[in-house]
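Residues per chain, in single letters:
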Amino acid sequence: MMKKRSISASKASLVLFLCQVISALDVPLDSKLLEELSQPPTITQQSPKDYIVDPRENIVIQCEAKGKPPPSFSWTRNGTHFDIDKDAQVTMKPNSGTLVINIMNGGKAEVYEGVYQCTARNERGAAISNNIVIRSSRSPLWTKEKLEPNHVQEGDSLVLHCRPPVGLPPPIIFWMDNAFQRLPQSERVSQGLNGDLYFSNVQPEDTREDYICYARFNHTQTIQQKQPISVKVFSTKPVTEKQPILLTPTGSTSTKVELRGNVLLLECIAAGLPTPVIRWIKEGGELPANRTFFENFKKTLKIIDVSEADSGNYKCVARNILGSVHHVISVTVKAAPYWITAPRNLVLSPGEDGTLICRANGNPKPNISWLANGVPIAIAPEDPSRKVDGDTIIFSHVQERSSAVYQCNASNEYGYLLANAFVNVLAEPPRILTPANKLYQVIADSPALLDCAYFGSPKPEVEWFKGVKGSILRGNEYIFHDNGTLEIPVAQKDSTGTYTCVARNELGKIQNEVQLEVKDPTMIIKQPEYKVIQRYGQVSFECIIKHDSTLLPTVMWLKDNDELPDDERFLVGKDNLTIMNVTDKDDGTYTCIVNTTLDSVSASAVLTVVAAPPTPAIIYARPNPPFDLELTGQLERSVELSWIPGDENNSPITNFVIEYEDGLHEPGVWHYQTEVPGTQTTVQLKLSPYVNYSFRVIAVNEIGRSQPSEPSEQYLTKSANPDENPSNVQGIGSEPDNLVITWESLKGFQSNGPGLQYKVSWRQKDVDDEWTSVIVANVSKYIVSGTPTFVPYEIKVQALNDLGYAPEPSEVIGHSGEDLPMVAPGNVQVHVINSTLAKVHWDPVPLKTVRGHLQGYKVYYWKVQNLSRRSRRHVEKKILTFRGNKTFGMLPGLEPYSSYKLNVRVVNGKGEGPASPDKVFKTPEGVPSSPSFLKITNPTLDSLTLEWGSPTHPNGVLTSYILKFQPINNTHELGPLVEIRIPANESSLILKNLNYSTRYKFYFNAQTSVGSGSQITEEAVTIMDEVQPLYPRIRNVTTAAAETYANISWEYEGPDHANFYVEYGVAGSKEDWKKEIVNGSRSFFVLKGLTPGTAYKVRVGAEGLSGFRSSEDVFETGPAMASRQVDIATQGWFIGLMCAVALLILILLIVCFIRRNKGGKYPVKEKEDAHADPEIQPMKEDDGTFGEYSDAEDHKPLKKGSRTPSDRTVKKEDSDDSLVDYGEGVNGQFNEDGSFIGQYSGKKEKEPAEGNESSEAPSPVNAMNSFV
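Remember, predicted model here, so these are calculated numbers, not experimental data.

Basis of the calculations
Residues numbered from 1 in each chain as written. Predicted model: local features only at pLDDT ≥ 70, side-chain atom pairs only at ≥ 80, totals over all residues. Heavy atoms only, no water. Helix = DSSP H or I, 4+ residues; strand = E, 2+ residues; numbered from the N terminus. Buried < 20%, exposed > 50% of the residue type's maximum accessible area, 1.4 Å probe, protein only. Contact = heavy atoms within 4.5 Å. Pairing = 2+ DSSP bridges. Axes fitted to C-alpha atoms, helices over the stretch in contact; angles between N-to-C directions. Core = buried A, V, L, I, M, F, W, Y, C linked by side-chain atoms within 4.5 Å. pLDDT = per-residue confidence, 0-100. Polar contact = N/O pair within 3.5 Å; in protein donor to acceptor, adjacent residues only side chain to side chain.

**Quick word on the overall build of the protein chain**
What the protein chain contains, in helices and strands, is five helices and 92 strands. Expressed as a percentage of the 1268 residues in the protein chain, the buried residues total 43%. Look at the contacts in the protein chain between residues 6 or more apart in sequence, and 67% of them connect residues 24 or more apart.

**Side note on the sheet that holds strand 78 (residues 919–922)**
Strand pairs in the sheet, formed through backbone hydrogen bonds, run parallel or antiparallel to each other. Overall, antiparallel pairing links the four strands, which are arranged 75-74-77-78 in an open sheet. The strands lining the two open edges of the sheet, one partner per strand, are strand 75 (878–883) and strand 78. When strand polarity is set aside, the average angle formed by the axes of neighbouring strands in this sheet is 25°.

**Overview of the nonpolar core**
In this structure, Ile59, Ile61, Trp75, Ile101, Tyr116 and Ile134 are the most contacted members of the largest nonpolar core, which totals 30 residues. Of all the elements in the fold, those that place two or more residues in this core are strand 2 (50–53), strand 3 (59–61), strand 4 (63–68), strand 5 (72–77), strand 8 (99–101), strand 9 (114–122) and strand 11 (132–136). Sort the elements by how many residues they give to this core and strand 9 lands first, with three residues. When near neighbours in sequence (up to four residues on either side) are disregarded, Ile101 contacts Asn58, Ile59, Ile61, Gln89, Val90, Tyr112 and Tyr116. The next biggest cluster of nonpolar side chains, apart from the first, holds 22 residues, and it includes Ala360, Cys408, Leu417 and Ala419.

**Considering the environment of Val697**
Relative to the elements of secondary structure, Val697 occurs in strand 62 (residues 692–701). Since its relative accessible area comes to 0%, Val697 is described here as buried. Along the sequence, Val697 and Trp643 sit 54 residues apart, while their C-alpha atoms lie 8.0 Å from each other.

**A closer look at the confidence of the model for the protein chain**
On average, the protein chain scores 84 in pLDDT, and the residues at 70 or more come to 85%. The low-confidence segment residues 1–23 (pLDDT under 50) makes twelve contacts with residues lying over four places distant or belonging to another chain. Confidence drops under pLDDT 50 across residues 1122–1126; counting only partners more than four residues distant or on other chains, this segment forms 14 contacts.

**Focus on the side chain of Thr292**
Relative to the helices and strands, Thr292 is located in strand 25 (residues 292–295). The buried category is assigned to Thr292, whose relative accessible area is 18%. Among the polar contacts made by the side chain of Thr292, one reaches the main-chain carbonyl oxygen of Pro288 at a distance of 2.5 Å. In this view, Thr292 contacts Leu287, Leu301, Lys302 and Ile303; residues no more than four positions away in its chain are not counted.

This is the structure:
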């Protein structure tokens, strides 16, 4: 008992220790901070473990790593140091560990086969890559052999052996004839997994001399052809039926081993006559749902993503009318190592504790081993702070020398996993990342959040003070967040002031000040009030506001939550809205909205428009209801109805409306029957069988409709066979193995008698099958189960009741359920047209594999890397959809000098098929954007100092900067232009030998090999003497542009309290400058509502300084993001177009009614036509088509009318340009449907594995490469 307690206590202590050391430092994602902190190497990219290369191309073995300082690289080959300097064919890329082996200039790929490993090392440790096995692909020719003709008795089985040459990787096998057409396959004739062609029984039509086996080697893009095989079928005796026997596999049992996560393929092919049918079962269990598929006419059982639970005995049974035969395959699922917990990087402070945990599973259980800086930990230099406990390394009281990179290796006989994780011990004094004197502005009584982002090691303590010498802030009125932020839940006016943040640890202390301004809230002190106004009068709404004096408010009026009508009758004043000559359409709710940069308030009022008092006139009213209804002449299908009209009330009756009630099927519900002119008081009505009729009459005049008359007596018609069948019969499968037949049921009065039922019949189209029928109750759906996937059916639905059947119904064609497509598009090729546009081609998938209605193809593409920065970002996949059987499309809006990936998927009504292999392509360089800034400092008598920043978007490798400058005299005339070319690695320049007291204008831009980018301009003046002049000026205007807005900032020198404004316009345009007033004396402003992908010019000026302005700057907004799929029904231009069409039709209808009524009809009839009932209108169905790029350039939304707000600023509309679709023919390829069009050509892009320090379990071929 004592021993058990001791063990339990030990385990508890270990768990408690691990809980304490789990925490580590969080390093903020601040780019400047990350550049300054030391960091051990991290492998960021490496080639796949099993790397098969094309012997015709150079071998590129990738190894990229990051670290601070930048790591150096070395390689081993087959376990020993690989000295690349001694091999002229091998080079290493600069600032990279990637090897390039020159094969195209005489080298042989076979010579460089072997196991390679990369090491990245700096002063803080060493990270290692996986073992990368390099093998050269092979596509050998078929061995010559003499093939004898096959003479086979009709009904016997036959196997045509392919026996392809052994290649690397193994080839894809298919059978074709001399015309390069695929040989038809069926349940009787099919190709096995080994490539052989199996005949369960031969027929006379199998006689031919051109059975040809082809082997396609995808890696080298070549096809090898076997000599044609001849088959002659003879019939010398009567054909006898045969029991099934198995052609493959042989015997009664066999075994199969598969790895976890792979695809399990089991095959049974049988001979016999009639052709046997194959069935699969799992002994003692069920086949896994959603992961089981049957291929090759159910001769192949396919289970995807297998796991240990899929182990067991699988039985295939081949059966025909003479008997059956079976085979049992014992399946064992093993597993290469896979991660449970991969080790993660640790950043610790001196004296802290931490752990690295490496847990993996597999079958058999993998062995866990540790390395330190690439050396087995048992022989690595000792570290007293480190203790290895199986799959865990425990660190206690670490020091800076404890920094290292540790490798965890988990391996078994089926593969291995290798992960790098570093321990980085940092001793750093506190740093505050929040900018100094940052200004925060909030509205009174709202929360204020003051940032103090910090970093230090050990983790600093943060305190806040108010004022320079204030006391430390404490109490419930403040909230202190872990990230250093100070929150004032309810800021008051006295909260305004300077706040100081202090961060300290044992290595030092630092402080930072921020400013808080609390503003008065904006209020509407005189709100608009409810108004009632007579038609054609005048009305005014007031909206008087009170606001903080430092905030600039804008007032906007809305009508019914939309912009005011574009009508000169609406007058917007400073404090009111006036409407002149009020009409009925002005009735509604009017809202006054006041906005500042910090808050927004609104108030609303309702306007009711009434008519002027009417003059005395004759009273017109709706007619009184008819009365004394009488039924006469009752027959089975008709009756005569008569009535007496009521008083017409000074307006003649134009017509009578007759309605009926079916008291048997829908009591209390009245339906429209017919209508007759107002001069008629009797009508002959057509009736339906098995309806209990009651009738009523409604009189109509120009004023309106009368109340209904009292109902007539009831009349029950006799029953009869149904006259019609259900409408809208459809057959659409909801699952891959069913057919859902639907129809619109007959109404109650359409049944013509009691006992309404439906006879549902179906049969498979183009197959000589009998009709299958079933009689169902009065429903509207029937589901047929067990159908093949997506096959056409003939369908008919017939009504019947107790008296008999309706006439024979017409047949409709439906389809059983769709399933997801089976294959991915092949031969995906990308042609890069320019730096922002690429064209993608693919081969269409065979229609049989679509397994549904082909709706189109989807292209997924995403940016992988910016080649100029070698940086990665969050991957945002974009999708373009191309409808129909299209085999190409354009990819617009690409970023220059970037690496992209894409894949293609086929789409049917069920969804998307599997993706094609990812295709890598790169866009070429483009011209750069303008330099990020240009500053001119240190003016002297004859020199100026220029400083600049590199372009935000280099779009390639910068080759140089171009500086042009010229003097400006007092009359603003420009002098001679001087041009200087500056190396791309420079960021400053001192211009000498300038004239004193002279103004110069500078033009500055960057260049790539493609050309020059947009330029930035600036002006500066050399001084007259050594005393700095006091003239006012605005300089260093800089822009930071996004897609639809830009942040403008500048520097001002001159008198205080200047009022600034920003002017801007489209670059190169002759339009007037647009002007925006800057709030207060700020030195920045945000321009909103800009058009994406457009170049703008901007300048800054100061009011009251003789019109003094800065020099012009040019910037360009970011490109618009490629739209995913656009629903046309939600586009503004489409809605506007439909409204215009509807209005035009309404006007034409009114004109037609007026012209008709001028021919002598009653005046009442004219008025009735002019006020036709608009209740019943046709509905427009969505077309449901795929969105694709359009060739039209003018598909832009209609602009709404708008009112100018009180501050006279104009709201800018965003553009909505559509993309352009291109199309070309597709070059001949070897299609998946079997038609041979041409030899393989082109080269396949190699796709390096992107490492994040942890690699996935490989295929069994890498089991021998388990890291040691």
